[in-house]
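Here is what each chain is made of, one letter per residue.
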Amino acid sequence: MSVESTLELTELRETVARLHGELTRYGLVAWTAGNVSARVPGRDLMVIKPSGVDYDDLSADNMVLCDLDGVPVEGELSPSSDTAAHAYVYRAMPEVGGVVHTHSTYATAWAARGESIPCHLTAQADEFGGEIPVGPFALIGGDDIGKGIVSTLTGHRSPAVLMQNHGVFTIGRNARAAVKAAVMCEDVARTAHLARALGQPVPMAQAHIDALYDRYQNVYGQRPSPPANSSRPRVAPAPRD
Ligand SMILES: [Zn+2]
């Protein structure tokens with residue numbers, strides 16, 4: 001392996017280890033039940049959390065490097081018990097660079113009912129482009145969970161799927177984007193639950209959902225400053241993270 005790719009891999013290990021801290025910071029996980037992985041760019045490899053290690057003890061060094069069949073290629077630790085599902089997603093969806101799994105409480109309550117989250121919020125339209133769908137029930141081990149994630153999210157705007165009776169899987173162009181989707185999924189699920197508990201949420205027009213999604217995906221956020229002689233505004237909209 002070249003020096004450059006060794007450095008890149010070390011950075012990716014650090015990023016994946018650090019992103020697990022976001023799962024605890026946003027209250028998405030209990031004990032060790034949640035995991036983040038990242039595809040190693042340009043290689044048929046992924047970095048994922050080791051199985052059963054406390055979040056406080058995660059570091060670049062104990063992240064597990066696996067091939068895209070989920071088989072560890074170095075180190076002593078076993079990878080997350082959800083590795084087969086992450087690996088299946090990377091094999092089937094080449095555009096995906098990060099995968100996250102949680103049992104975050106409100107989203108998983110929708111999964112327990114096998115109910116997708118209807119889009120009644122602008123924030124949900126922004127991030128998910130409509131409903132957050134339910135995927136099939138699938139037992140852990142083998143490819144069934146991975147197949148359920150891929151069959152539900154392929155061609156769907158949502159980067160999150162509620163696997164029935166189980167929990168949330170999210171995808172992103174990198175691990176950070178997948179973590180963001182997991183955080184936003186729980187936020188939306190919580191608000192949708194409260195709205196439903198207190199009354200009947202007001203439906204949104206599909207045209208409004210489409211317009212919000214298009215704006216957020218294409219023009220929301222910050223862009224680096226243009227050259228000094230440019231007449232464009234100093235802070236212009238840019239693709240979201
Ligand atoms: Zn799980």
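Right above here is the structure, for reference.
Quick caveat: nothing in here was measured; it's all calculated off a predicted structure. (Residues numbered from 1 in each chain as written. Predicted model: local features only at pLDDT ≥ 70, side-chain atom pairs only at ≥ 80, totals over all residues. Heavy atoms only, no water.)

Draft legend 1. Summary view of the nonpolar core. Of all hydrophobic cores here, the largest spans 24 residues; its most connected members are Leu-23, Val-36, Val-40, Val-47, Val-100 and Val-179. Those elements giving two or more residues to this core turn out to be α1 (3-25), β1 (34-39), β2 (45-48) and α6 (175-198). Tallying contributions element by element places α1 first for this core, with six residues. With residues near it in sequence (within four places) discarded, Val-47 still touches Leu-9, Leu-12, Arg-13, Val-16, Val-36, Ser-37, Ala-38, Val-40, Met-63, Val-64 and Leu-65. (Core = buried A, V, L, I, M, F, W, Y, C linked by side-chain atoms within 4.5 Å. Buried < 20%, exposed > 50% of the residue type's maximum accessible area, 1.4 Å probe, protein only. Helix = DSSP H or I, 4+ residues; strand = E, 2+ residues; numbered from the N terminus. Contact = heavy atoms within 4.5 Å.)

Draft legend 2. Broad picture of the coordination of the zinc ion. For the zinc ion, the full set of protein donor atoms is His-101 (NE2), His-103 (NE2) and His-166 (NE2), at a range of 2.0 to 2.1 Å. Taken in sequence order, the residues that donate to the zinc ion follow the motif H-x1-H-x62-H. Placement of His-101 in strand β4 (residues 98-102) and of His-166 in the loop between β6 (160-163) and β7 (167-172) is noted, with a sequence separation of 65 residues between them. (Donors = N, O, S within 2.8 Å, 3.2 Å for Na, K, Ca; no water.)

Draft legend 3. Main features of the pattern of salt bridges. Evaluation of the coordinates by the stated rule reveals eight salt bridges. We note a salt bridge from Arg-91 to Asp-143, for which the minimum N-O separation is 3.5 Å. With Arg-91 in helix α2 (residues 83-92) and Asp-143 in the loop between β5 (134-135) and α5 (144-153), this pair connects stretches of sequence that are 52 residues apart. Note on Arg-91: relative accessible area 37%, which makes it partly exposed. Within this structure, Asp-69, Arg-91 and Asp-143 form a network of salt bridges that share partners. (Salt bridge = Lys/Arg side-chain N within 4 Å of Asp/Glu carboxyl O.)

Draft legend 4. Structural context of the environment of Ser-37. With respect to the helices, strands and loops of the structure, Ser-37 is situated in strand β1. Under the relative-accessibility criterion, Ser-37 is labelled buried at 0%. Taking the C-alpha atoms as reference points, Ser-37 and Ile-48, separated by 11 residues in sequence, lie 4.3 Å from one another. Among residues more than four places away in sequence, those in contact with Ser-37 are Val-16, Met-46, Val-47, Ile-48, His-86, Tyr-90, Gly-97, Gly-98, Val-99 and Ala-175. Within polar-contact distance, the side chain of Ser-37 engages the side chain of His-86 at 2.7 Å. Here the side chain of Ser-37 touches Tyr-90 through a polar contact of 2.7 Å, side chain to side chain. (Polar contact = N/O pair within 3.5 Å; in protein donor to acceptor, adjacent residues only side chain to side chain.)

Draft legend 5. Structural context of the packing of α1 against α6. Direction vectors running N to C along α1 and α6 enclose 5°, while the axes themselves pass 10 Å from each other. One element, α1, and the other, α6, form an angle in the roughly parallel class. Counting all contacts with α1, which are made through Leu-19, Glu-22 and Leu-23, the residues of α6 involved are Ala-175, Arg-176 and Val-179. Classifying every residue of the contact of α1 with α6 by side-chain character gives four nonpolar, no polar and two charged. (Axes fitted to C-alpha atoms, helices over the stretch in contact; angles between N-to-C directions. Parallel < 35°, antiparallel > 145°, perpendicular 65-115°, else oblique. Nonpolar A, V, L, I, M, F, W, Y, C, P; charged D, E, K, R; others polar.)

Draft legend 6. Summary view of a negative patch on the surface. Judged by side-chain charge, Glu-8, Glu-11, Glu-14 and Asp-61 come together as a negatively charged surface patch. In this structure, Glu-8 sits in helix α1. (Patch = residues over 30% accessible without salt bridge, like charges linked within 9 Å, V, L, I, M, F, W, Y side chains within 5 Å. Areas by Shrake-Rupley, 256 points an atom, 1.4 Å probe, with all protein chains shown as cover. Lys, Arg positive; Asp, Glu negative; His and termini not counted. Charge placed at Lys NZ, Arg CZ, Asp CG, Glu CD.)

So, to be careful, I would describe these as geometric facts and stop short of saying anything about function.
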